[in-house]
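Residue-level structural notes
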Amino acid sequence: MTTIVVAMGEKNEIGFNNQLLWHLPKDLKHFKDLTSGHPVIMGRKTYESIGKPLPNRTNIVVSRKKDWFEEGILIVGSIKEAVKFAKKIDEEIFIIGGGNIYEQTMEAADRLEVTLVKADLEADVYFPKIDPKIWKKTAETGHEKDDRSQYDFCFQTYEKVVG
């Protein structure tokens, strides 16, 4: 099972200047609960924005940079190679960004775990459009803004509609 995990705004915005657009502790906990114990695949810029390997996960970073090395992560040259390594570790793998990686993996994914943030913010990276002919929303849980989260948001699960 390949699952894409993303937090995005109402216009599919996901990042600006290699940073997330919001800080939502409940979303971070949700992300950790989903991905802990499983391989996560991300692009180099996403890894650099996180700044360190995510604990209790095999961190697989896709990068075209040839002379790059970082302790505690597996660096590969393509999505295909990343998925091959991840599937040797666990049948359940998670794609965690960024925009280019999402675009390359939407077709192969089985499930989307979306945090939809009720905000319209400036962005330079966007998540691909979720086509309702391909994806069916199967769950949604709303959360209101509070003293720790500056926006309303909801967790949504989409399953791929099999033809």
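Attention in this report is confined to the structure presented alongside it. (Residues numbered from 1 in each chain as written. Predicted model: local features only at pLDDT ≥ 70, side-chain atom pairs only at ≥ 80, totals over all residues. Heavy atoms only, no water.)

**Comments concerning the environment of Leu34**
As for its placement among the helices and strands, Leu34 is situated in helix 1 (residues 25-35). Contacts of Leu34, omitting those with residues within four sequence positions, involve Val5, Phe94 and Glu113. (Helix = DSSP H or I, 4+ residues; strand = E, 2+ residues; numbered from the N terminus. Contact = heavy atoms within 4.5 Å.)

**Some words on the pattern of salt bridges**
Where charged atoms from two side chains of opposite charge approach closely, those side chains can pair. Taken as a whole and assessed by the stated rule, the structure comprises 7 salt bridges. Across the pair Lys29 and Asp33 runs a salt bridge whose closest N-O atoms are separated by 2.8 Å. Of the two residues, Lys29 and Asp33 both sit in helix 1, 4 residues apart, roughly one turn of that helix. With a relative accessible area of 53%, Lys29 lands in the exposed category. Linking Glu92 and Arg111 is a salt bridge whose minimum nitrogen-to-oxygen distance equals 3.2 Å. (Salt bridge = Lys/Arg side-chain N within 4 Å of Asp/Glu carboxyl O. Buried < 20%, exposed > 50% of the residue type's maximum accessible area, 1.4 Å probe, protein only.)

**Brief notes about helix 1**
Listed as buried for helix 1 are Pro25, Asp27, Phe31 and Thr35. Down the axis of helix 1, the sector holding all buried residues measures 160 degrees, keeping them to one side. Looking at the residues trailing helix 1, positive phi occurs at Gly37, about 85 degrees. (Arc of directions from axis to C-beta.)

**So, the pairing of strand 3 (residues 40-43)**
Along strand 3, one buried face is formed by Val40 and Met42 and the opposite face, lined by Ile41 and Gly43, is buried too. Strand direction decides the pairing type here: strand 3 and strand 4 (residues 59-62), joined by 4 bridges, are parallel. Counted as the bridge partner of Val40 is Asn59 from strand 4. Two strands pair when backbone bridges link them, and strand 3 and strand 6 (residues 93-95) are joined in this way by 2 bridges, in the parallel orientation. Residue pairing in the sheet places Val40 in a bridge with Phe94 of strand 6. (Pairing = 2+ DSSP bridges.)

**Notes on unusual backbone geometry**
Following Gly97, the chain continues into Gly98 via a peptide bond in cis, with omega recorded as 0 degrees. Note on placement: Gly98 falls in the loop between strand 6 and helix 4 (99-105). Unusually for a residue other than glycine, Asn17 sits at a positive phi of about 50 degrees. Position of Asn17 relative to the elements: it lies in the loop between strand 2 (13-15) and helix 1. Judged by relative accessible area, Asn17 falls into the exposed class, the value being 55%.

**Let's talk about the nonpolar core**
Within the largest apolar cluster, 25 residues are counted, with the highest numbers of intra-cluster contacts made by Ile4, Met8, Ile41, Leu112, Val114, Phe127 and Ile130. For this core, the secondary structure elements donating two or more residues are strand 1 (2-8), strand 4, helix 3 (79-89), strand 6, helix 4, strand 7 (111-117) and strand 10 (153-160). Each residue touching Leu112, except ones within four places of it in the same chain, is listed here: Ile4, Met106, Phe127, Ile130, Trp135, Gln156, Thr157 and Tyr158. Core analysis: the second largest hydrophobic core is formed by 11 residues, Val5, Met42, Trp68 and Ile73 among them. (Core = buried A, V, L, I, M, F, W, Y, C linked by side-chain atoms within 4.5 Å.)

This is a description of form; function is not addressed.
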